[in-house]
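One letter stands for each residue in the lines below.
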Amino acid sequence: MTAVDETTDPITETPANGARAHSHGAGTVPDASRAERVTSYDVADFAVPGGREEEWKFSPLKVLAPLFAVAEAGVDEAAAVEVSAPDVVEHRTGTPAQIGAGSAFRPGDRAAAASWSATTQAHLVRIPAEAELDAPVLVTVRGEAGRTTSGHLLIDAGHHSKALVVLDHVGGGAHRGGVEVRVGDGAQVTVVSLQEWDDDAVHVGQHDVLVGRDAFARHIAVSLGGRAVRISANLRYAGPGGDAQLLGVYFADAAQHLEHRQFVDHEATNCKSYVEYKGALQGEGAHAVWIGDVLIRAAAEGTETYELNRNLLLTDGARADSVPNLEIETGEIVGAGHASATGRFDDEQLFYLQSRGMPEADARRLVVRGFFADIIGRIGLPELAERLMATIETELAASMPGADDALQAVAGTPTSTTQHTTEEN
Amino acid sequence: MATLEIRDLHVTVAEADGGVKEILRGVDLTIGSGEVHAIMGPNGSGKSTLAYSIAGHPKYTVTGGSVTLDGEDVLAMSVDERARAGLFLAMQYPVEVPGVTVSNFLRTAKTAVDGEAPKLRTWVKDVKQAMDDLRMDPTFAERNVNEHFSGGEKKRHEILQMELLKPKFAVLDETDSGLDVDALKVVSEGVNRSLGRTDVGVLLITHYTRILRYIKPQFVHVFVDGRVAEQGGPELADALEESGYDRFLAKA
């Protein structure tokens, strides 16, 4: 991939005045700090977005409109949810209050608050302390064309437990869903959220992860389907020593909007965070948005954080917005950095592979496979990884015309419709 | 017995300012199976352009002349068709392919070149043996292609491909550059093994004569200003080692 822009900022200095030593993207975050963004369970605390708001300016609001509406009384909004899990795992449903949801989840936008108040049947998946699951927990959320559904999933992993939870979103309609992940002290938890929606589906989801002391948490978002998908993953630490990864892959086709926002809030000491999102885009109106906010509060000494976003533009007419924001209130950290790059297929890479006998289509497939391999591989389920790769390759086939001259046209045209932003101050 | 024939080849390259520069100005070369031809010349004389033009790099435009492999028009073939026809280019600066392991890459390339997947058992053995011969650690197979490779590792990996893909003709573009003497010997042994085991014809492009101590050419061509200025046997390389390119540059 051709790097268009790349920045890394190892930061070591201590602020003389105790104020923010180093902040990226102040121009795109109107609040003085990311920490000041409103969170509330009351939908009335959030106006319906009009498009000027910083956090909504990239999103297709008309398409998402059903998700901002307050549920009508008596209308069943519950999404169809299936859960299959090893016997040791407890699965219960009830109102959010009945299943004890909310302690690690606070709605951060209109859709999340509307979802919270509309949810009558939330799901609890509880992994007992010290239980090490030998098989993944599979949760399927099935939307239905013409309906708006809401839901809340609480994954409560007890201390020193070990679990992999795969949440698969399929079907159509409009879905707003909260996911709350409590990772107990010393636990190791991976949550994979697959967005494999039908072409017309819209989805706004908020996923909050609370990482216990010395725990390891990994959240992987895989967005392939849907008309518009917006996943906000928020990460906090309940104690020191936590290690967390927010990973994601996406493949945006013509007229598809895939948006991923992360907020890593470092307040505990000696915690690590690593954010890596990779996406490919093809076709007219394909749009990917990546917003990576990291806040290192004054108390969060010994923090180590890095965030990375890579976009591979396969055709003209696609657009990737990529905005890392790093806010640092203490100099007593191990390291903090970010990188963002958006580029096209590297002609030299294709030449190299073709010069080894591979036809252009095969060479492109190999490059794209390699581009996604690392993150997909970290899901830890080879059959699922292979299925996702196959889906990606099927999508890729749409941008690979058979004729050589058509390929030349794709490879040789300028990137005029591409916007890439890295905010610096 | 195969023949790679280059006749009156003219090649231009587009320049940054929008202009067009002619780099090759009528190159004539004929290479037969099993032969080693050294192409020597000062920087900027067009040696690498010749290599990339034979392989079909899109940056170079052929404006005249021909390249044929046993009478087949190479210039009409796509890059991958040339490789499948039996041409191989060992690159001076091979590129990284993130996320693609050497073992996957080699198998995919072998399948593409042969038109069928290699038999698994013999293939694994062949790769292991070839890597061993090139003093490459077995873990190398699981690394991503050229990612974080040292200069020496990249060149070994190129020659590894040459040994496994078994081309009819191999163009080695400055394979000696950036190698210390130990690595140079290992890489040269690999080329000599290919020469011993197959009928490969080799076009060895080099600025310096040192690789010619380990790979013996039957023919030496001196490249100056986009064409062959002088040719002869190995003694020509010896003469160049003595006197350098000054004599040719003065003439040009």
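Residues numbered from 1 in each chain as written. Chains lettered and ligands numbered in written order. Predicted model: local features only at pLDDT ≥ 70, side-chain atom pairs only at ≥ 80, totals over all residues.

K.L.:
Whenever I open this one, the overall build of chain A confuses me. Can you help?
P.N.:
The secondary structure content of chain A amounts to six helices and 19 strands. In chain A, buried positions account for 51% of the 425 residues. Taking all contacts inside chain A whose residues are at least 6 apart in sequence as the whole, residues at least 24 apart take part in 85%. (Helix = DSSP H or I, 4+ residues; strand = E, 2+ residues; numbered from the N terminus. Buried ≥ 20, exposed ≤ 12 C-beta atoms within 10 Å, placed from the backbone. Contact = placed C-beta atoms within 7 Å.)

K.L.:
How should the overall build of chain B be read in this particular structure?
P.N.:
In terms of helices and strands, chain B carries eight helices and twelve strands. A compact globule built from 252 residues should have a C-alpha radius of gyration of about 18 Å, and chain B, at 18 Å, falls within 12% of that. Dimensions of chain B along its principal axes, counting C-alpha atoms only, are 55 × 40 × 40 Å. Per-residue burial over chain B gives 44% buried out of 252 residues. Long-range contacts, defined here as pairs at least 24 residues apart, represent 72% of the contacts in chain B between residues at least 6 apart. (Rg over C-alpha atoms; globule rule 2.2 N^0.38 Å.)

K.L.:
What's the story with the pairing of strand S12 (residues 227-232) of chain B in this structure? I'm lost.
P.N.:
Regular strands show a simple pattern: their side chains alternate between the two faces of the sheet. Residue and element names in this part refer to chain B. Pairing of strand S11 (residues 219-224) with S12, which is carried by five bridges, proceeds in the antiparallel orientation. Directly across from Val224, in S12, lies its bridge partner Arg227. The loop that links S11 with its antiparallel partner S12 comprises two residues; one of these, Asp225, has a positive phi angle of about 55°. (Pairing = 2+ DSSP bridges.)

K.L.:
Can you walk me through the sheet that holds strand S6 (residues 87-90) of chain B in this structure?
P.N.:
Within a beta sheet, neighbouring strands are joined by backbone hydrogen bonds and run either parallel or antiparallel to one another. All names here are of chain B. What the six strands build is an open sheet, ordered S6-S9-S10-S3-S11-S12; its pairing is mixed. Edge positions in the sheet fall to S6 and S12, since each of these pairs with one other strand and no more. In this sheet, adjacent strand axes meet at a mean angle of 20° when their direction is disregarded. The strands touched by helix H1 (residues 47-55) within the sheet are strand S3 (36-40), S6, strand S9 (169-173), strand S10 (201-206) and S11, with S9 carrying the most contacts at an inclination of about 145°. (Axes fitted to C-alpha atoms, helices over the stretch in contact; angles between N-to-C directions.)

K.L.:
Got a minute to help me understand the environment of Ala47 of chain A in this structure?
P.N.:
Residues and elements named next belong to chain A. By the secondary structure assignment, Ala47 is in the loop between strand S1 (22-23) and helix H1 (61-64). By C-beta crowding, Ala47 is classed as exposed, having 9 other C-beta atoms within 10 Å. Along the chain, Ala47 and Asp109 lie 62 residues apart, while their C-alpha atoms are 8.9 Å from each other.

K.L.:
In this structure, what is going on with the confidence of the model for chain B? I would like to understand it.
P.N.:
Reading fine detail from the predicted coordinates is not recommended where pLDDT is low. Scored by pLDDT, chain B comes out at a mean of 95, with 99% of its residues at no less than 70. The ipTM, which scores confidence in the relative placement of chains, is 0.96 for this predicted complex, and the corresponding pTM is 0.83. (pLDDT = per-residue confidence, 0-100.)

K.L.:
Looking at this structure, I do not really get the interface of chain A and chain B. What am I missing?
P.N.:
The accessible area lost on association of the parts is a frequent measure of interface size. With 22 residues of chain A in contact, the opposing surface of chain B contributes 20 residues. If you list the elements that add at least two residues to the side of chain A that touches chain B, you get helix H3 (347-354) and helix H4 (360-377) of chain A. In terms of residue count, the dominant contributor to the side of chain A that touches chain B is H4 of chain A (nine residues). Across the side of chain A that touches chain B, the residue classes tally to nine nonpolar, five polar and eight charged. (Nonpolar A, V, L, I, M, F, W, Y, C, P; charged D, E, K, R; others polar.)

K.L.:
Got a minute to help me understand the confidence of the model for chain A in this structure?
P.N.:
Taken over all residues, the pLDDT of chain A has a mean of 88, while the share at 70 or more is 87%. When the criterion is pLDDT under 50, residues 402-425 of chain A qualifies, and its contacts beyond four places in sequence or with other chains add up to 43 contacts.

K.L.:
Where do I start with the sheet that holds strand S2 (residues 20-32) of chain B in this structure?
P.N.:
Residue and element names in this part refer to chain B. Pairing is antiparallel across the open sheet formed by four strands, whose spatial order is S2-S1-S4-S5. Every other strand in the sheet has two partners, leaving S2 and strand S5 (72-73) as the edge strands with one partner each. Strand direction decides the pairing type here: strand S1 (residues 3-14) and strand S4 (residues 60-69), joined by eight bridges, are antiparallel. In the sheet register, Leu4 faces S4, and the bridge partner there is Leu69.

K.L.:
Looking at this model, I keep getting lost on the pairing of strand S8 (residues 174-183) of chain A. Mind explaining?
P.N.:
Residue and element names in this part refer to chain A. With respect to burial, S8 is a largely interior element, ten of its ten residues being buried. Neither face of S8 is exposed, since Ala174, Arg176, Gly178, Glu180 and Arg182 on one face and His175, Gly177, Val179, Val181 and Val183 on the opposite face are all buried. Strand direction decides the pairing type here: S8 and strand S10 (residues 202-211), joined by ten bridges, are parallel. By the bridge assignment for S10, Arg176 is matched with Val204.

K.L.:
Just to check I follow, could you spell out the environment of Ala298 of chain A for this structure?
P.N.:
All names here are of chain A. With respect to the element layout, Ala298 can be found in the loop between strand S16 (287-296) and strand S17 (304-313). Judged by C-beta crowding, with 15 C-beta atoms within 10 Å, Ala298 ranks as partly exposed. Residues Ala298 and Arg147 lie 151 residues apart in sequence; the distance between their C-alpha atoms is 45 Å. Ignoring anything within four residues of it in the chain, the contact list for Ala298 reads Glu329 and Thr330.

K.L.:
For this particular structure, what's the right way to read H3 of chain A?
P.N.:
Note on helix geometry: an α-helix contains 3.6 residues per turn, so any two residues three or four positions apart are oriented the same way. In terms of burial, H3 of chain A is a largely internal element, six of the eight residues being buried. Burial in H3 of chain A covers these residues: Gln349, Leu350, Phe351, Tyr352, Leu353 and Gln354 of chain A.

K.L.:
Looking at this structure, how should I read the packing of helix H3 (residues 102-114) of chain B against helix H5 (residues 151-165) of chain B?
P.N.:
How two helices sit against one another is set out by the angle between their axes and by the gap between those axes. Residue and element names in this part refer to chain B. Close contact between H3 and H5 brings their axes to 10 Å; oriented N to C, the two are set at 35°. Considering the relative orientation of H3 and H5, their crossing is right-handed. Here Val102, Leu106, Ala109, Lys110 and Val113 of H3 come into contact with H5, specifically with His157, Gln161, Leu164 and Leu165. Tallied by class, the residues present in the contact of H3 with H5 amount to six nonpolar, two polar and one charged. (Left-handed = near helix turned anticlockwise from the far one by under 90°.)

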